[in-house]
There are 2 protein chains.
Amino acid sequence: MDKRNFNTPLSLRNMQIKDPFWKGEMELVRTEVIPYQWNALNDRVEGAAPSFCMRNFKVAGKLNRQRREQGEAFQEPVYTFRGFEALPEDMEHLEDKFYGFVFQDSDFSKWIEAVGYSLTQHPDPELERIADGAIDVVCAAQQEDGYLDTYYIINGRDKSFTNLRDHHELYCFGHLLEGAVAYYEATGKDKLLNAARRFADYIEGYFGQEEGKCKGYPGHEIAEMALVRLYETTGEEKYLKLSRFFIDERGTQPYYFAGETHEDRDDKDAFTRYQYYQAHLPVREQEEAVGHAVRAVYLYSGMADVARLTGDEDLYGACRKLWDSIVNEKMYVTAGIGGTHIGEAFSFPYDLPDDTAYAETCASIGLAFFARRMLEISPQAEYANVMERALYNGILSGMALDGKSFFYVNPLSVDPLACKRDERKFHVKAVRQKWFGCACCPPNLARLVSSVGSYAFSENEDTLFVHLYMGAELKKQTGAGTAQIGIESELPWEGNVRIRVAARGTGLVLALRIPDWCGAYTLTGCDSSQKEEKNGYLYIRKDWEEEEILTLTFPMEVRLMAANISVRENVGKAALMRGPVVYCLEEADNGKGLHLLALDPQGKPQVRSQEICGVKAQAVIMPGFRQREEEDGLYHEWRRPEYEERELTFIPYYMWANRGENEMQVWVRVR
Amino acid sequence: MDKRNFNTPLSLRNMQIKDPFWKGEMELVRTEVIPYQWNALNDRVEGAAPSFCMRNFKVAGKLNRQRREQGEAFQEPVYTFRGFEALPEDMEHLEDKFYGFVFQDSDFSKWIEAVGYSLTQHPDPELERIADGAIDVVCAAQQEDGYLDTYYIINGRDKSFTNLRDHHELYCFGHLLEGAVAYYEATGKDKLLNAARRFADYIEGYFGQEEGKCKGYPGHEIAEMALVRLYETTGEEKYLKLSRFFIDERGTQPYYFAGETHEDRDDKDAFTRYQYYQAHLPVREQEEAVGHAVRAVYLYSGMADVARLTGDEDLYGACRKLWDSIVNEKMYVTAGIGGTHIGEAFSFPYDLPDDTAYAETCASIGLAFFARRMLEISPQAEYANVMERALYNGILSGMALDGKSFFYVNPLSVDPLACKRDERKFHVKAVRQKWFGCACCPPNLARLVSSVGSYAFSENEDTLFVHLYMGAELKKQTGAGTAQIGIESELPWEGNVRIRVAARGTGLVLALRIPDWCGAYTLTGCDSSQKEEKNGYLYIRKDWEEEEILTLTFPMEVRLMAANISVRENVGKAALMRGPVVYCLEEADNGKGLHLLALDPQGKPQVRSQEICGVKAQAVIMPGFRQREEEDGLYHEWRRPEYEERELTFIPYYMWANRGENEMQVWVRVR
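Reading the values: the criteria
Residues numbered from 1 in each chain as written. Chains lettered and ligands numbered in written order. Predicted model: local features only at pLDDT ≥ 70, side-chain atom pairs only at ≥ 80, totals over all residues. Helix = DSSP H or I, 4+ residues; strand = E, 2+ residues; numbered from the N terminus. Rg over C-alpha atoms; globule rule 2.2 N^0.38 Å. Buried ≥ 20, exposed ≤ 12 C-beta atoms within 10 Å, placed from the backbone. Contact = placed C-beta atoms within 7 Å. Pairing = 2+ DSSP bridges. Axes fitted to C-alpha atoms, helices over the stretch in contact; angles between N-to-C directions. Parallel < 35°, antiparallel > 145°, perpendicular 65-115°, else oblique. Left-handed = near helix turned anticlockwise from the far one by under 90°. Nonpolar A, V, L, I, M, F, W, Y, C, P; charged D, E, K, R; others polar. Domains from an automatic or database assignment. pLDDT = per-residue confidence, 0-100. Least-squares fit on C-alpha atoms with pLDDT ≥ 70 in both. Expected span 1.5 Å × (residues − 1).

Focus on the overall build of chain A
In terms of regular secondary structure, chain A is built from 19 helices and 25 strands. Here the C-alpha atoms of chain A give a radius of gyration of 25 Å, agreeing with the 26 Å that 2.2 N^0.38 yields for 671 residues. For the C-alpha atoms alone, the extent of chain A along its principal axes is close to 85 × 75 × 50 Å. Within chain A, buried positions represent 54% of all 671 residues.

Side note on the interface of chain B and chain A
On the side of chain A, 43 residues touch chain B, which itself brings 43 residues to the contact. Sorting the residues of the side of chain B that touches chain A by element identifies α13 (313-329), α16 (416-421), β16 (558-563) and β22 (635-637) of chain B as the ones contributing at least two each. By the bridge criterion, three bridges tie strand β16 (residues 558-563) of chain A to β22 of chain B in an arrangement that is antiparallel. Across the sheet, residue Ala563 of chain A finds its bridge partner in β22 of chain B, namely Tyr635 of chain B.

A few points about the sheet that holds strand β14 (residues 537-541) of chain A
All names here are of chain A. Spatially, the six strands line up as an open sheet ordered β1-β6-β7-β11-β14-β13, and their pairing is mixed. The sheet is open, and its two edges are formed by β1 (8-9) and β13 (531-534), each paired on a single side. Of the strand pairs in this sheet, β1 and strand β6 (residues 457-459) are connected by two bridges, and their pairing is antiparallel. Residue Thr8 lies in a different strand from β6, and its bridge partner there is Glu459.

Structural notes on the environment of Ala363 of chain B
Residue and element names in this part refer to chain B. Relative to the assigned elements, Ala363 resides in helix α14 (residues 361-377). A count of 31 C-beta atoms within 10 Å places Ala363 in the buried class. Considered as a pair, Ala363 and Val297 are 66 residues apart in the sequence and their alpha carbons are 7.1 Å apart. If sequence neighbours within four positions are ignored, Ala363 has contacts with Ala293, Val294, Val297, Ile337 and Gly338.

Regarding the packing of helix α3 (residues 105-121) of chain A against helix α4 (residues 125-140) of chain A
Residue and element names in this part refer to chain A. Direction vectors running N to C along α3 and α4 enclose 150 degrees, while the axes themselves pass 11 Å from each other. When the axis of α3 is compared with that of α4, the two are roughly antiparallel. For α3 against α4, the interelement crossing comes out left-handed. On α4, the residues that touch Phe108, Ile112, Val115 and Leu119 of α3 are Leu127, Glu128, Ala131, Ala134 and Val138. When grouped by side-chain class, the residues that make up the contact of α3 with α4 number eight nonpolar, no polar and one charged.

A closer look at the sheet that holds strand β10 (residues 496-502) of chain A
All names here are of chain A. Strand order in this open sheet of six strands is β2-β8-β9-β10-β15-β12, and the pairing throughout is antiparallel. Since the sheet does not close on itself, it has two edges, and those belong to β2 (15-17) and β12 (522-524), each with one partner. Taken over all neighbouring pairs, the strand axes of this sheet differ in orientation by 20 degrees on average, direction set aside. Sheet analysis places strand β9 (residues 481-489) next to β10, joined by six bridges and oriented antiparallel. Bridging across to β10, Ser489 finds its partner in Val497.

A closer look at the pairing of strand β9 (residues 481-489) of chain B
Residues and elements named next belong to chain B. As judged from the seven bridges shared by strand β8 (residues 472-478) and β9, these two strands associate in the antiparallel manner. Bridge pairing in β9 links Lys476 to Ala483. Here β8 folds back onto β9 in antiparallel fashion, the turn holding two residues. Linking β9 back to strand β10 (residues 496-502) in an antiparallel pair, the connection comprises six residues.

Some details on the packing of α14 of chain B against helix α15 (residues 381-395) of chain B
Residues and elements named next belong to chain B. Contact geometry for α14 and α15: axes closest at 9 Å, N-to-C directions at 160 degrees. Comparing the axis directions of α14 and α15 gives the class roughly antiparallel. Read as a crossing pair, α14 and α15 show a hand that is left-handed. Within the contact between the two elements, α14 uses Thr361, Ser364, Ile365, Leu367, Ala368, Ala371, Arg372, Met374 and Leu375 and α15 uses Tyr383, Ala384, Val386, Met387, Ala390, Leu391, Gly394 and Ile395.

Some details on the domain arrangement of chain A
Residue and element names in this part refer to chain A. Under the domain assignment used here, chain A contains domain 1 (461-553) and domain 2 (560-670). Distance between the C-alpha centres of domain 1 and domain 2: 37 Å. Across the contact, six residues belong to domain 1 and five residues belong to domain 2. Among the residues forming the side of domain 1 that touches domain 2, the class breakdown is five nonpolar, one polar and no charged.

Here we look at the confidence of the model for chain A
Within chain A, residue pLDDT values average 95, and 99% of them lie at 70 or more. Scored as a complex, the prediction yields pTM 0.93 and ipTM 0.94.

Topic: the relation of the copies chain B and chain A
Mapping chain B onto chain A is achieved by rotating through 180 degrees and translating by 0.0 Å along the same axis, at an RMSD of 0.0 Å. The superposition operator between the copies reduces to a two-fold rotation axis. Minimal C-alpha distance to the rotation axis in chain B is attained by Arg424 of chain B, lying at 4.1 Å. The fraction of interface residues of chain B whose copies in chain A are also interface residues reaches 100%, indicating that both copies meet through the same surface.

Some points on the pairing of strand β23 (residues 643-652) of chain A
Strand residues, when the strand is regular, have side chains that alternate between the two faces of the sheet. Residue and element names in this part refer to chain A. Direction of pairing for strand β18 (residues 581-586) relative to β23: antiparallel, over a ladder of three bridges. Among the inter-strand pairings, Leu585 is bridged to a residue of β23, identified as Phe650. With eight bridges joining them, strand β21 (residues 615-627) and β23 adopt antiparallel strand pairing. Bridge pairing links Gln627 to Tyr643 in β23.

Observations concerning unusual backbone geometry
Residue and element names in this part refer to chain B. Along the chain, Gln253 connects to Pro254 via a cis peptide bond; the corresponding omega equals -10 degrees. Examined against the element boundaries, Pro254 turns out to sit in the loop between α9 (237-249) and α10 (256-260). For the bond from Leu491 to Pro492, the omega torsion is 0 degrees, close enough to zero to count as cis. One can find Pro492 in the loop between β9 and β10.

Observations concerning helix α12 (residues 293-310) of chain B
Side chains of residues three or four places apart in an α-helix project in the same direction, reflecting 3.6 residues per turn. Residues and elements named next belong to chain B. Over its 18 residues, α12 extends 26 Å from the first C-alpha to the last, a length consistent with the 26 Å expected when each residue adds 1.5 Å. For α12, the tally of buried residues reaches 16 of 18 residues, placing the bulk of the element in the interior. Of the residues one or two after α12, Gly311 is the one with positive phi, at around 60 degrees.

So, the environment of Ile565 of chain B
Position of Ile565 of chain B relative to the elements: it lies in the loop between β16 and β17 (573-578). Residue classification places Ile565 of chain B among the partly exposed positions, given that 19 C-beta atoms sit within 10 Å. For Ile565 of chain B and Tyr350 of chain B, which are 215 residues apart along the polypeptide, the C-alpha to C-alpha distance reads 9.0 Å. Not counting chain neighbours up to four residues away, the residues in contact with Ile565 of chain B comprise Leu596, Gln627, Glu629 and Glu630 of chain A together with Val571 of chain B.

Describing the environment of Arg295 of chain A
All names here are of chain A. Checked against the element boundaries, Arg295 lands in helix α12 (residues 293-310). Classification of Arg295 as buried rests on a count of 25 C-beta atoms within 10 Å. Each C-alpha atom, one on Arg295 and one on Ser528, is 45 Å from the other, the two residues being 233 residues apart in sequence. Each residue touching Arg295, except ones within four places of it in the same chain, is listed here: His220, Glu221, Tyr277 and Gln278.

Put into structure tokens, the structure is as follows:
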């Protein structure tokens, strides 16, 4: 680790995203997802399972009021675990109970986080008023001692922290911190931040290395990175220390979770079982990414944060091994991760089945979190390449082009019949779903998309890093002044970028990523003595004139990609990419039976503008073949298959399933 | 249906199997499986989960004794359902309770059935003495009223017939009939047969169309075909009628099972749920083979039996549709059936994944049952072709070459790492297992293999049908006398058959199947006026001399097979067959990474004698290729793969996994 390389995301308040591509996605989130989500939080979505989220906060607030009013006469509630998802017996007559999933509080936190980001890019007093009102409700639920999780407040505090493994208590805590910091950074309002700090202080008083403190850690990680964020916002060292404690304690022997659930501590299956939680080994000894994919990358993100802030080389080394494990052995070409739906988890190395993939939207989002944090330690293009691939593919595929429906699971090959008739594929949906009872992916998409600029741009003292080319107006403080940078980009459809720099006397250094998907590139506006290539970034150091223009051109060829031969499933096949975008075949363009199609690798691809559900994109037309159908019963003597020539139409993977239920396939046979 | 075509298996007492291939398998069953199984029934197998089978019969017998001795003072046991498998708390101190799976009685019945068949081919007074002793124990457990299922005898008769769906009561009943008939036919001893009849009479008094009788039917089918067998042995019409009742009642509305389990009868998922039991529709309306594959083919076998014996064209039509559904859409090339382990069931049409296949040994055995019964109605080679394929492939693969370990699941592609690390493949084992707690496949193999002659040879008035070419001495009664037929066969390794006929004056007609795996064939020993080809059988009618010799030669070419293009998984691949034997690649012969191998379809196959674990077989050597390995990370730009020439060694599929844990693959890429 070289501290001189460290960098942190440019504040959203120092940028205005104006990118034609990403601004469109952000507007979908602002106009569709955030309002829908608010309705969902308040159980106002017809036909959807109620969230009970805001209702739970109100019930908890009511208990607080009663406690204050009744004084000693007040009877604390009695803990009642009514299952992971507590549903009312009668929707018409709800009682003052906790309803919904145990982690339902986090729905508010994710929403307020997205709202915060959105407000930085699109001020909206009415939305801010609603948000402030929601914050009032949430804060009214906070206990005297700072505790703030309605599941235990309503069910009885006596069972608090008794099931860290599965009750998501520290997960909700982590999300609350993330939301509170985001809203504070966006608006400067600190009511929620203060509530979150008080809760963090309470947690910090409860957990830690010190004698007498609880030695537990989160079953579902996120608090690790959230505490770092709180530390970076408040400057309070103890939050960083607590994060490090959670990380270091994880997976040590005897297993904390085993004690908690009264399992046999010598249980031989414990190692395998705790892989799901990444709690099978101390994190520094973990070399293979295993278990629940979202939890894994959330943990690794926190590890990278702590490694950077504490200068912990060992921890960084563990991050690096886990990163390699993912990107060299366990990642789909779309940057989807999680090869199996069983445990929503990583499968073994090179086991990347296309049709039974899990590749949860949230996991790709988490991979972007992890990539950004690795970039913060060391700006190497390999991290940004994966982050970019996740953003344009495995993440965006989670949301319909109209922002109204969502995928949890992002398979690379779909036969709609199989999704309906083969229980092994019931987790795979051929069309996006409206909203989920367990709503993790849509709100996660909302918070990621509305803060996407902080993935594109980061900074250290004098350097502005451009990891992703995205139209924006940026302000960068250097030691000597303020630089203004305007970026125009045609990505992901063309590789043309124009950068306007007004940085006279600022000493600004620009670090521009050279994407892995282009060979040669051209840069105008500076001479060769002013540029230096390092780790896939082009560093530009010069005495800037009043206003200068740099232009970058990244040739965007259609590329046929192959998988490592250890990926059994993809031997003999190719996937198509252009720029950062992965393409796929869809039945809507190519007819039924996509498995009968084959690519001509010598064929010359043509790029064609195509509109899908009103959204413009570049389709790719490739010469290919279709195997002729035969009427031969189930088995027959082999003869060389006959093929007819056929143009194959590829569309961007993230746009699939926007034209009704149909077959889709990323990997195509090569002939 | 044309009654003149009807035929029934030649009695095992009228044949002596002397086939080098099958006699070897039968000897394995006789010397390894049957003794092992007897030890298992008596809980004398170290390291194996105890069966408790004979123990349960003894406990039930003890209750009987006490009931007799104590008279009215006797307290009937109280029903205690201790789970589908009732395990003792303390193996050292067993009580007078029922232990083991609810269907444990059937272990005895399967064993006695195999013993019966075996005794016809290899008289063994010691084995017969043990069997008679076991029969005494079983009969002592029978109740005054004829009832004979130890699960309910020991747990309390009051709950008898309250869970037909899942408690296998009528399944155990069916197996008891099968075992009793087999032992009676082999030895002429009728003690067990009489007990089985008394139980059948009791069941017949309880179930049926008549008012006041119970309208239930078996959750796990087999009683249907077993009752037919009892009818054919005893001539008692009521058993046939009861079988027909079970068949006709099945799947009618309202669902019997729904009432039994107090489910909502209007439950919309009931249709889907009862597919598992083939109880979603009346059987005559079923057109697609669905649900648990073993249950399905057991049912269809019973349906074919009843159709033949009652001349029921509709029922035969239903059998025909279900047959077509299996063999045209749902059967592996090995004649394995059951594409998914979820419910051990058929998947949707053409969904035949190689690596997650279920293809249970018992299901292929049941397919042979069904095929034989379709042949009994109409001797068409298509039935025999499937039966033969099942016998040499999907069935025999269930047993190790030493008869000491067994597969339940018979996949067509195995990566041992996946079996250990991918929960979706935990049902797939890379090596055969010793014996199972739920021991269905090994005993089923034992009864099938020891009666294999009855699948090879059947008869009607004057005709002897040779469905499978198997060395044997046969006796055939015609209207005019007794014909002696001796068969020598080199199958499955060479297609040479020699038939010695001593049939002067008997009017014997020989019907010899022409296998689907040979093109032309030659026959010597009769002239063209004496032979007629019909439905894939060669009928030979002549005035036989004292002793005549016919020779048949079926050329046995190595054949490359292709699957229907609707089988997504196998597009671009081929499987190799020679005669009735399906071949596979194994790591032991071809190294790791079988998915990198490809066949040269123009290549000239060579047949080579190879010994595997002391068993001689014909291996096939095919020219092919191995894709070169590359060091390129997980994804890289596609370039034409490089191949090196390589001889591919194929061994018979049924012989795989006899040389330790390794990769295996049936379908191979074609280049």
